[in-house]
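Here is what each chain is made of, one letter per residue.
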Amino acid sequence: MSSASELPLPLSLSADTVATGSSETARPLSTAEGELLDGIRAGSHAAFEVLVTAHQKPLYNLLLRVLSNPDDAADVLQETFLSAYRGAGSFRGDCDIRTWLYRIAIRRAANHRRWWRVRRQTATVSLDAETEASMPSLSETLVAPNADPEQQALWRERQAQVLAALARLKFDFRVAVVMRDIRGMSYEDIAAALEISVGTVKSRIARGRAMLRVALNLPA
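Residues numbered from 1 in each chain as written. Predicted model: local features only at pLDDT ≥ 70, side-chain atom pairs only at ≥ 80, totals over all residues. Heavy atoms only, no water.

A. Molecular detail of the side chain of Arg 98. For Arg 98, the position within the fold is in helix α4 (residues 97–117). Looking at Arg 98, its side chain comes within polar contact range of the side chain of Asp 189, at 3.4 Å. Among all residues touching Arg 98, those that are not within four sequence positions of it are Arg 27, His 55, Arg 183, Met 185 and Asp 189. (Helix = DSSP H or I, 4+ residues; strand = E, 2+ residues; numbered from the N terminus. Polar contact = N/O pair within 3.5 Å; in protein donor to acceptor, adjacent residues only side chain to side chain. Contact = heavy atoms within 4.5 Å.)

B. Inspection of the packing of helix α7 (residues 171–182) against helix α8 (residues 187–194) at higher detail. Contact geometry of α7 with α8 gives a least axis separation of 10 Å together with a crossing angle of 140°. Our classification of the angle between α7 and α8 gives oblique. Crossing geometry of α7 relative to α8 is assigned as right-handed. Packed against α7, whose contacting residues are Val 175, Ala 176, Met 179 and Arg 180, the element α8 presents Tyr 187, Ile 190, Ala 193 and Leu 194 at the interface. Partitioning the contact of α7 with α8 into residue classes produces seven nonpolar, no polar and one charged. (Axes fitted to C-alpha atoms, helices over the stretch in contact; angles between N-to-C directions. Parallel < 35°, antiparallel > 145°, perpendicular 65-115°, else oblique. Left-handed = near helix turned anticlockwise from the far one by under 90°. Nonpolar A, V, L, I, M, F, W, Y, C, P; charged D, E, K, R; others polar.)

C. Just helix α6 (residues 149–167), in detail. With 19 residues, α6 extends 26 Å between its outermost C-alpha atoms, agreeing within 8% with the 27 Å of an ideal straight helix rising 1.5 Å per residue. Along α6, the positions that sit buried rather than exposed are Gln 159, Val 162, Leu 163, Ala 164, Ala 165, Leu 166 and Ala 167. (Expected span 1.5 Å × (residues − 1). Buried < 20%, exposed > 50% of the residue type's maximum accessible area, 1.4 Å probe, protein only.)

D. Representation of the packing of aromatic side chains within the structure. Applying the stated criterion to the full structure yields three aromatic pairs. Here Phe 48 and Phe 81 contribute two aromatic rings whose centre-to-centre distance is 6.4 Å and whose plane-to-plane angle is 85°, an arrangement assigned as edge-to-face. Of the two residues, Phe 48 sits in helix α2 (residues 45–67) while Phe 81 sits in helix α3 (residues 70–87), which places them 33 residues apart along the sequence. Like Phe 81, Phe 48 is buried. Consider the rings of Phe 91 and Trp 100, whose centres lie 4.5 Å apart with planes at 25°: the pair is stacked. Across this residue pair, the class does not change: Phe 91 and Trp 100 are buried. Put simply, the rings of Phe 48, Phe 81 and Tyr 85 touch in pairs and so form one group of aromatic residues. A cation over a ring is seen here: Lys 170 above Phe 173, with NZ or CZ 5.7 Å from the ring centre. Just above the ring of Tyr 187 sits the side chain of Arg 180; from NZ or CZ to the centre is 4.2 Å. (Phe/Tyr/Trp six-rings, centres within 6.5 Å; stacked < 30°, edge-to-face > 60°. Lys NZ or Arg CZ within 6 Å of the ring centre and 35° of its normal.)

E. Expanded view of the pattern of salt bridges. Under the defined criterion, the tally for this structure stands at seven salt bridges. One salt bridge connects Asp 94 with Arg 92, and the closest N-O pair in it is separated by 3.0 Å. A salt bridge links Asp 189 to Arg 98, with the nearest nitrogen and oxygen atoms 3.4 Å apart. Of this pair, Asp 189 sits in helix α8 while Arg 98 sits in helix α4, placing them 91 residues apart in sequence. Overall, the relative accessible area of 2% leaves Asp 189 in the buried class. Among the charged side chains, a salt-bridge network with shared partners connects Arg 92, Asp 94, Arg 103, Arg 107 and Glu 195. (Salt bridge = Lys/Arg side-chain N within 4 Å of Asp/Glu carboxyl O.)

F. Structural view of the environment of Glu 79. In this structure, Glu 79 sits in helix α3. The class for Glu 79 is partly exposed, based on a relative accessible area of 30%. Spatially, the C-alpha atoms of Glu 79 and Ala 109 are 9.4 Å apart, while their sequence positions differ by 30 residues. Ignoring sequence-local partners within four residues, the contact set of Glu 79 consists of Arg 108 and His 112.

Encoded structure:
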């Protein structure tokens, strides 16, 4: 799927959005990605800029859903790219660059959440919260294309309910559901990013969806 836009959570919360294979192997590092990493390891700022440009929007959207706060998402995004730059030399190449960056981002998000949990309550993100100039607002990414104003209003209202319920999920379940149902990742790539088994990924997604169905009063 395109990194410039997002799929909304399926309101039925019952069907997967992306087909998966039967293997537990994540997508391998491509030749082009290997060359890009070689440039970053050699200290090329141009190569690093290519990495940031290609991945900042999907990473930001992932972090925004996981942390439910635009400022926190922006902070962790910067930390993620800094960690990637510093850690490029030790990257094992066991997955593609996107999955590797998601792995770093979720670790950073978990650390950030633990740090701030005792200092403030997690805020539910507004659909119209301002983001950096290069980042689309949630209202832009969630409104159905070509919908009339009434349909857009109904769509936003429903998605606001979904996002509010999502923000209340336990962190691990929220991450798995966001990666699968919003970012459209395969089970294998999620497993590689989180460094857990595919079975655990499926379990977390199933439990997260079940909790969302209860929160939204949807049929099981």
